[in-house]
Amino acid sequence: MFKSYLKTAWRNLWKNKTMACINILGLVTGITCCLLIGLYLQHEFSYDRFQQKGDRIARVLMDYRFTSGDFKKVPVTSTKVLPVLARTFPEVETGVRMANYDRIITLGDKQFEEEGFMYADSTFFDVFSFRLLQGHPKASLSGLHKVILTASAAKRYFGAENPVGKILKAGSDATPYEVTGVMEDCPSNSQIKFDFLASFSSLQANQEKTWWNANYTTFLLLKDKQAFAPLQANLSAYMKKDMAGQNAFIKFTLEHFDQIHLHSEFDSFVPNTHIAYLYILTGVALLVLTIACFTYVNLSTARSLDRSKEVGIRKAIGALKQQIFRQFISESLLLSMLAVLMSAGLVILLLPAFNQLAGTTLSARSLLSPATVAIVLLMIVCISFLAGSYPALVLAAFRPVKVLKGPVGKNSSGAWLRKTLIVFQFGISVFLVIATFIIHQQMRYIQEKKLGYERDHVLVLPYDNKMNNMGSTIKQELLTVPGITSVARTAHLPTSIVGGYNMRTATMPETDNMSVIANPVDEDFIRTMGMRIIAGSDLTRQDMADLDQPEGKEVIYHYILNESAAKVLGWTPQEAVGQKMFLDASRPGIVRGVVQDFHFQSLHAPIQPLVLFPERWGRNLLVKITGNNIPQTIQALQAKWKSLVPHRPFDYHFLDEDYNKMYNAEIRLGKIMNLFAGIAIILACMGLFGLSYHAIQQRQKEIGIRKVLGASVTQLLLLVSKGFLGLVLLAFVITVPLTWWAMNKWLEDFAYRISIGWLVFGVAGFIVLLIAACTVSFQAVKAALMNPVKSLRSE
């Protein structure tokens, strides 16, 4: 029986090739979108699921506040936190301290700049479920200058040789590290990623002296997953007692490890993914699939008139209602199976491009995972019944006597439903188009907004302690390279300044401090970055020279405040100049100038108080170039660098790359929305094309008579088009308020954002209406130009 259903279904699909092609293309497009986004979602939601103890691991966040100001939270702690908490609280089984650095790796006469050089305690493998291929889990990280390589790093440096026992030199001082083990590569869905895992004791920073100096990530392994709440309560009480009577306060917050990637405001060792964006992508995929299913429903109910006699004859010779229903569900099932098979092949072809778009490394093998196969089978069943049930019920409900007596009325095939689904389809399309426009406007606003500094044509080069003694010489030599206009040294890049300090003015009591962000720079930083001094003057070479005071003589610093810092302290920019202040108590100084506020963090956050102060050390060199003959300038810079800094490979990037990285999630979302908005419009127009094609087929005789009676092509075009375009216009009117509300909610995440103007709605509406008009008009013009003799002979 089922074989008969499929055979009849295939014959009907083959007989109506145009409608079948439209349905299959629509479903293939919708299912492909769902599969691609589904693979991405599966990857994101699977983060760290391989960690067997993941539900017992907590990351420790540090909240600190001085005598004035609000608490500031950071995802790092001092080295004191782990040993004290492990000794004090029975809920803590063990823990691990970690830190990730860029390191120069030297092997023989070759040097490589490596980003994934991680330091960790010897308890690392007690906490995390990474598999060690060679070496002992504890002994491999016990003692100074021990390092474990990942399998790919071992192959990269030692080829087929056994690396255990070999020596690698790491850092600017070429410290020898003994290779003590090899482990599997970190999975792509891990928030902890590295190529080198070195012993934490190699940092020589594990001294239990202070709660401050927060530079390390601390993870605790709890004895029970239910211990989070009790430990948090006990920890808060402990810190309140420990900090009593001090001029500052610190508290620690426990964060569930398995929630960090999607729910934390702080990145781990890889960038987080915001859970809201995953919900948006899920919604977009389902909306696109919904449009495809609605197209199927529309075209199937529209064709019910053509198949009414078939149903009538089947019923007259004894076919039951449920048999008719199963027949049409079989057609839907066959169509869905064909669409899914084609979609699977299309996913394999499109996956490399999708990986590039989404910034992932998804594999086509994921399609064969049990979960994916189960979801695909469920998708086939759901699409078959959701898309095929209503048409099947409509057709199965035909009364044979009425059908065989003559044509069934036009309303009997669900015209009201078709109109409703057209409104819904184009409502989704309008929503996605407007949302895409607004996302792109916000991204353009971010790109074009005046940040208070110049990020274009600025190269970032590494700077280390070995270069401190020759910092001035390096800068002077680099300035001799044609095309270089300025060179500056800084600890933090101007795109992301995060250094936390405490500050007080001379008029504030010694017990009263406020937290502030500060950045060590040199005298050329403000000029190189094109910032504007609005009061006082810039730092000078003398300010740098004043740092070299004889032992025992106090160093007097000179500070540059931003406008926000001056305002918080109750000064106008002019009043701030010359004021005495202290930074971290150990740096007394005088305010030399006030710089205009600039965005030194993401536009998601408002500008905060900032202090720039002179220091001879730094982590980055900023090289400003003219922008003319950039390749030649970089080539000359590389030659100069090799002669000046032979211990470091020439590794550079542009500052605007760092700026753009802060908005990777939004940029990817914009690209994906742009793609799927286009797909949604195409799908909606395919459905509209099919319906207009069917409607014109039904009205061929009417069009022929009207043409014989003198109707013009324009009049016939309006006759056929106005009903469909009216539905598209209704969809626009209904969707606009919802889209305005949704996009305003999205923009609330930005401290600096665009205002949504009505022009974007008008442009989006015009585009969708124009596309719909072109879709309908193609069929309408074709019918209007047809020879009326052929139309009148059609029956």
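For the structure, check the block above.
On a predicted model such as this, the values are computed, not experimentally measured, just so you know.

Next up on the list: the overall build of the chain. For the chain, the helix and strand inventory stands at 25 helices and 22 strands. Counting every position in the chain, which comprises 795 residues, the buried fraction comes to 51%. Contacts spanning at least 24 positions in sequence make up 80% of the contacts within the chain whose residues lie at least 6 apart.

This part is about a nonpolar patch on the surface. Together, L738, W740, W741 and W758 line one region of the surface with nonpolar side chains, adding up to about 540 Å² of accessible area. Ranked by residues supplied to the nonpolar patch, first place goes to helix α23 (residues 713-747) with three residues. On the secondary structure map, W740 appears in helix α23. Exposure remark for W740: the relative accessible area of 39% places this residue in the partly exposed category.

Once that is clear, we can look at the pattern of salt bridges. Enumeration over the complete set of coordinates arrives at 23 salt bridges. Between E178 and K146 there is a salt bridge whose closest N-O contact spans 2.9 Å. Here E178, found in strand β8 (residues 175-183), pairs with K146, found in strand β6 (residues 146-150); they are 32 residues apart in sequence, far enough to count as distant. A residue is classified by how much of its surface remains accessible, and E178, at 30% relative accessible area, is partly exposed. The network of salt bridges with shared partners includes K475, D522, E523, D524 and R527.

Through-space distance from the C-alpha of W740 to that of I438 is 9.7 Å; in sequence the pair is 302 residues apart. Those residues in contact with W740 that sit more than four places away from it in its chain are I756 and F761.

Our focus in this paragraph is unusual backbone geometry. Even without glycine at this site, A174 takes up a positive phi of about 55 degrees. Judged by its relative accessible area of 29%, A174 falls in the partly exposed class. One non-glycine residue with positive phi stands out, namely N629, at about 50 degrees. Tracing the chain through its elements places N629 in the loop between β21 (620-625) and α19 (630-644).

Okay, empty space enclosed by the protein next. Empty space among the atoms can be located by rolling a probe the size of a water molecule over them. Counted by the stated rule, this structure contains three cavities of 30 Å³ or more. Estimated volume of the second largest cavity: approximately 100 Å³. Every residue along the wall of the second largest cavity is listed here: Y40, T273, Y277, L278, L281, A358, A665, R668, L669 and I672. The element that contributes the greatest number of residues to the lining of the second largest cavity is helix α21 (residues 664-698), accounting for four residues. Residues belonging to the lining of the second largest cavity are distributed by class as follows: eight nonpolar, one polar and one charged.

About the criteria used
Residues numbered from 1 in each chain as written. Predicted model: local features only at pLDDT ≥ 70, side-chain atom pairs only at ≥ 80, totals over all residues. Heavy atoms only, no water. Helix = DSSP H or I, 4+ residues; strand = E, 2+ residues; numbered from the N terminus. Buried < 20%, exposed > 50% of the residue type's maximum accessible area, 1.4 Å probe, protein only. Contact = heavy atoms within 4.5 Å. Patch = residues over 30% accessible without salt bridge, like charges linked within 9 Å, V, L, I, M, F, W, Y side chains within 5 Å. Areas by Shrake-Rupley, 256 points an atom, 1.4 Å probe, with all protein chains shown as cover. Salt bridge = Lys/Arg side-chain N within 4 Å of Asp/Glu carboxyl O. 1 Å grid on protein atoms, 1.4 Å probe; cavity = no way out; pocket = protein on both sides within 12 Å on 5 of 7 lines; lining within 4 Å. Points joined across faces, edges and corners; volume = space filled by probe spheres on them. Nonpolar A, V, L, I, M, F, W, Y, C, P; charged D, E, K, R; others polar.

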